[in-house]
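# Examining the three-dimensional arrangement
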Amino acid sequence: GNQVSLFRPVRFHFVETKEHVNQIAVVGDFNNWSNRAHGLVRQATGKEWELTVPLKPGRYRYKFLINDAHWTADPTAEVFESDGFGGKCSVLVVT
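Residues numbered from 1 in each chain as written. Predicted model: local features only at pLDDT ≥ 70, side-chain atom pairs only at ≥ 80, totals over all residues. Heavy atoms only, no water.

With that out of the way, let us pick up the sheet that holds strand β1 (residues 8-15). Spatially, the three strands line up as an open sheet ordered β1-β4-β3, and their pairing is antiparallel. Either end of the sheet is taken by a strand with one partner, and the two such strands are β1 and β3 (41-42). The pairing of β1 with strand β4 (residues 48-55) spans eight bridges and is classified as antiparallel. Bridge pairing in β4 places R11 opposite T52. (Pairing = 2+ DSSP bridges. Helix = DSSP H or I, 4+ residues; strand = E, 2+ residues; numbered from the N terminus.)

Structure follows, in structure tokens:
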């Protein structure tokens, strides 16, 4: 029916540890698992990456894709669930 949903800004943040990162994307069911939709931006520190994405309220599963080759769950997420392939996805709830 006729419903109004307000999009909320959600900040995704990733900090490099061991692996050198040339590019990183946040990929989830909020962007149809497209690895080209939401690339994070390297911050001035050189090791931190960020991106703010407007999302409507809901529950979303997501991962980070590093250098177009390595999938990883968000280590700062509070909730995880199986990705169906033997790994895990981070879970984000937007209110």
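The discussion continues.
We now examine the side chain of K63. With respect to the helices and strands, the residue K63 is situated in strand β5 (residues 58-66). Residue classification places K63 among the buried positions, given a relative accessible area of 10%. Separated by 2.5 Å, the side chains of K63 and D83 make a polar contact. Discounting chain neighbours no more than four positions away, the residues touching K63 are A25, V26, V27, W33, W71, T72, D83, K88 and C89. (Buried < 20%, exposed > 50% of the residue type's maximum accessible area, 1.4 Å probe, protein only. Polar contact = N/O pair within 3.5 Å; in protein donor to acceptor, adjacent residues only side chain to side chain. Contact = heavy atoms within 4.5 Å.)

Our focus in this paragraph is the pattern of salt bridges. Counted according to the given criterion, the structure contains seven salt bridges. A salt bridge links K47 to E16; its shortest N-O distance comes to 4.0 Å. Note that K47 is positioned in the loop between β3 and β4 and E16 in the loop between β1 and β2 (24-28), a separation of 31 residues in sequence. Using a relative accessible area of 43% as the deciding quantity, one classes K47 as partly exposed. With a relative accessible area of 6%, E16 lands in the buried category. Across the salt bridge formed by R59 and E81, the nearest N and O atoms sit 2.5 Å from each other. (Salt bridge = Lys/Arg side-chain N within 4 Å of Asp/Glu carboxyl O.)

Counted residue by residue, β2 has five buried out of five residues, so it is predominantly covered. Where β2 lies against β5, five bridges are found, and the strand directions are antiparallel. Counted as the bridge partner of A25 is L65 from β5.

Turning next to the packing of aromatic side chains. Inspection of every chain in the model, using the stated rule, returns five aromatic pairs. Residues F12 and Y62 carry aromatic rings whose centres are separated by 5.1 Å and whose planes lie at 70 degrees to one another, so their mutual orientation is edge-to-face. With a gap of 50 residues between them, F12 in strand β1 and Y62 in strand β5 connect regions that are remote in the sequence. For the pair F12 and Y62, one class covers both residues: buried. Aromatic side chains Y62 and F64 sit 6.2 Å apart centroid to centroid with 75 degrees between the ring planes, which places their arrangement in the edge-to-face category. Across this residue pair, the class does not change: Y62 and F64 are buried. One aromatic cluster is present, formed by F12, F14, F30, Y60, Y62 and F64 through successive ring pairs. (Phe/Tyr/Trp six-rings, centres within 6.5 Å; stacked < 30°, edge-to-face > 60°.)

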